[in-house]
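Now for the letters of each chain:
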Amino acid sequence: QVQLVESGGGLAQPGGSLRLSCAASGFPTSTYAMTWARQAPGKGLEWVSDIYNDASEIYYADSVKGRFTISRDTAKNTVYLQMNSLKPEDSALYYCARRDYYSDVDRSLAYIDVWGQGTLVTVSS
């Protein structure tokens, strides 16, 4: 069964760091481009980052550029989102997602075909 399971969320203080993990089952992440998205309280889904299957193309939303880093570990079939210099506005439910096999990274949530359940990040003093 194709599945994405996020973990690593929790409570962090402003300026702190968290590392989110997305463990994939049922398919090799090396075959697909992957995406991180988030939904803050009272707001809609926001695209955060894309990474191509071989990591040759990586993109970030302007709101996280320079602070977040997306990466992937083929051996562990896992995608990561390292979040540094966290701000209260980063508080959100963070989702990992698989991009359709035939699509390229496009800095949006178009052509997503599998979603994880989300992991909650709260940034507060």
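The structure under discussion appears in the preceding block.
The sections below set out a description of the structure shown in this document. (Residues numbered from 1 in each chain as written. Predicted model: local features only at pLDDT ≥ 70, side-chain atom pairs only at ≥ 80, totals over all residues. Heavy atoms only, no water.)

1. As for the overall build of the chain
A count of helical and extended segments in the chain gives zero helices and 11 strands. Secondary structure elements of the chain occur, N-terminal to C-terminal, as β-β-β-β-β-β-β-β-β-β-β. Against the 2.2 N^0.38 benchmark of 14 Å for 125 residues, the chain shows a C-alpha radius of gyration of 13 Å, consistent with a compact globule. Taken along the three principal axes of its C-alpha coordinates, the chain extends 40 × 25 × 25 Å. The proportion of buried residues among the 125 residues of the chain is 44%. Within the chain, counting contacts between residues at least 6 apart in sequence, those at least 24 apart form 58% of the total. When the accessible surface of the chain is totalled, it reaches about 6,200 Å², and 47% of it is carbon and sulfur. (Helix = DSSP H or I, 4+ residues; strand = E, 2+ residues; numbered from the N terminus. Rg over C-alpha atoms; globule rule 2.2 N^0.38 Å. Buried < 20%, exposed > 50% of the residue type's maximum accessible area, 1.4 Å probe, protein only. Contact = heavy atoms within 4.5 Å. Areas by Shrake-Rupley, 256 points an atom, 1.4 Å probe, with all protein chains shown as cover.)

2. Brief notes about the state of the cysteines
Under the criterion given, the structure shown has one disulfide. In this model, Cys22 is linked to Cys96 through a disulfide, with the two sulfur atoms separated by 2.1 Å. Between Cys22 and Cys96, the S-S dihedral sits near -75°, and the bridge is therefore left-handed. Of this pair, Cys22 sits in strand β3 (residues 18-25) while Cys96 is found in strand β9 (residues 92-99), placing the two residues 74 residues apart along the sequence. Each member of the pair, Cys22 as well as Cys96, carries the same accessibility label: buried. (Disulfide = S-S within 2.5 Å.)

3. Description of the environment of Val2
Turning to its location among the elements, Val2 is positioned in the segment before β1 (3-7). Each C-alpha atom of the pair Val2 and Val114 lies 7.9 Å from the other, and the pair is 112 residues apart in sequence. When sequence neighbours within four positions are dropped, the list of residues in contact with Val2 reads Ser25, Gly26, Phe27, Arg98 and Val114.

4. Description of the side chain of Ser91
Among the secondary structure elements, Ser91 is positioned in the loop between β8 (78-83) and β9. Once you skip the residues sitting within four places of it in the chain, Ser91 turns out to touch Ala40, Pro41, Val121, Thr122 and Val123.

5. Description of the pattern of salt bridges
In total, this model carries seven salt bridges according to the counting rule given. Between Glu46 and Arg38 there is a salt bridge; the shortest N-O distance is 2.8 Å. Residue class for Glu46 comes out partly exposed when judged on its relative accessible area of 28%. Residue Arg38 is classed as buried on the basis of its relative accessible area of 5%. As a salt-bridge pair, Arg67 and Asp90 come within 2.7 Å of each other at their nearest N and O atoms. (Salt bridge = Lys/Arg side-chain N within 4 Å of Asp/Glu carboxyl O.)

6. Remarks on the nonpolar core
Leu4, Met34, Trp36, Phe68, Leu81, Met83 and Tyr94 are the most contacted members of the largest nonpolar core, which totals 29 residues. Elements with a contribution of two residues or more to this core: β3, β4 (34-39), β5 (45-51), β7 (68-73), β8, β9 and β11 (119-123). Element by element, the count of residues in this core is highest for β3, at four residues. Those residues in contact with Phe68, other than ones at most four positions away along the chain, are Arg38, Val48, Tyr60, Leu81, Gln82, Met83, Asn84, Leu86, Asp90 and Tyr94. (Core = buried A, V, L, I, M, F, W, Y, C linked by side-chain atoms within 4.5 Å.)

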